[in-house]
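Summary of structural features
Each chain is listed here by its residues.
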Amino acid sequence: MARTIRDASADDLPAIAALYGHEVLNGTATFELEPPGVGEMQLRFEAVRRHGLPWLVAEAEGVFAGYAYASPFRPRPAYRYGVEVSIYVETAARGRGVGRALMEVLTERVRGLGLRHLIAAISDSDSSAASIALHRAAGFGDAGVYRQVGWKFDQWLDVTLMQLDLHPDGAPPQGPGLNLGGGLA
């Protein structure tokens, strides 16, 4: 399968919004209950890009197959070296290496920014075995589980936390990290 990973553009937002909206309505990879429209996805895209963080698109055989992005982990300045990663893959492209390819490029882009931690919050621990396996294969380790913190589809859902430390030797930060402003009080 010919696969391309590239930077997302505004032209990709309708496909991104459609994939995410499908997951909102039919899945538990997100705890949102109403699908955001293209306009809201544009705001989210711009927020990620303002931080200089990657938002990527995967194409398989020239067709949109998924997307991934990194966003600030928390708004306080002490967290400026960590990002949360998000990956969504079209149903037809799952199990074909698209998620792994997105994860590899995303990780290298984050590493290139001099950041240290990639954090994943994987919703619905019981039915997200493929996502957890993808993160483990990429080097993420278990960091904990929030039990029954989301209510969706008339059931309580867990969130599995995973983390990839790009510099596990404890070396000091490389560069200034993300500009998060003053953070919250």
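Please refer to the structure higher up on the page.
Scope of this entry: the structure provided in the associated data block.

Cut-offs used in this document
- Residues numbered from 1 in each chain as written.
- Predicted model: local features only at pLDDT ≥ 70, side-chain atom pairs only at ≥ 80, totals over all residues.
- Heavy atoms only, no water.
- Helix = DSSP H or I, 4+ residues; strand = E, 2+ residues; numbered from the N terminus.
- Rg over C-alpha atoms; globule rule 2.2 N^0.38 Å.
- Buried < 20%, exposed > 50% of the residue type's maximum accessible area, 1.4 Å probe, protein only.
- Contact = heavy atoms within 4.5 Å.
- Areas by Shrake-Rupley, 256 points an atom, 1.4 Å probe, with all protein chains shown as cover.
- Lys, Arg positive; Asp, Glu negative; His and termini not counted.
- Charge placed at Lys NZ, Arg CZ, Asp CG, Glu CD.
- 1 Å grid on protein atoms, 1.4 Å probe; cavity = no way out; pocket = protein on both sides within 12 Å on 5 of 7 lines; lining within 4 Å.
- Points joined across faces, edges and corners; volume = space filled by probe spheres on them.
- Nonpolar A, V, L, I, M, F, W, Y, C, P; charged D, E, K, R; others polar.
- Axes fitted to C-alpha atoms, helices over the stretch in contact; angles between N-to-C directions.
- Parallel < 35°, antiparallel > 145°, perpendicular 65-115°, else oblique.
- Pairing = 2+ DSSP bridges.

**Comments concerning the overall build of the protein chain**
Broken down by element type, the protein chain carries four helices and seven strands. Start at the N end of the protein chain and walk to the C end: the helices and strands fall as β-α-α-β-β-β-α-β-α-β-β. The C-alpha radius of gyration of the protein chain comes to 16 Å, within 12% of the 16 Å expected for a compact globule of 185 residues. Out of the 185 residues belonging to the protein chain, those deemed buried represent 42%. Here the analysis covers contacts within the protein chain between residues at least 6 apart in sequence; of these, 65% occur between residues at least 24 apart. Carbon and sulfur atoms provide 52% of the accessible area of the protein chain, an area that totals close to 9500 Å². For the protein chain, the separation between the mean place of its 17 positive charges and that of its 21 negative charges on side chains is 5 Å.

**Some details on empty space enclosed by the protein**
In this approach the atoms are scanned with a rolling probe the size of a water molecule, which exposes any empty space left behind. Here the structure, examined in full by the defined rule, presents one cavity of 30 Å³ or more. Estimates place the volume of the largest cavity at around 30 Å³. Gly114, Arg116, His167, Ala171, Pro172, Pro173 and Gln174 are the residues that line the largest cavity. Residue composition of the lining of the largest cavity, by class: three nonpolar, three polar and one charged.

**With respect to the packing of helix H1 (residues 13-26) against helix H2 (residues 38-50)**
Orientation of H1 relative to H2, taken along the N-to-C sense of each, is 105°, at an axis distance of 9 Å. By the angle between their directions, the pair H1 and H2 is classed as roughly perpendicular. Across the interface between the two elements, Leu13, Pro14, Ile16, Ala17 and Tyr20 from H1 touch Val38, Met41, Gln42, Arg44 and Phe45 from H2.

**Looking at the pairing of strand E6 (residues 141-152)**
Relative to strand E7 (residues 155-165), E6 runs antiparallel, the two being bridged by eight bridges. Looking at E7, one finds that Gly144 is bridged to Leu161. Between E6 and E7, which pair antiparallel in sequence order, lie two residues; one of them, Phe153, sits at a positive phi of approximately 55°.

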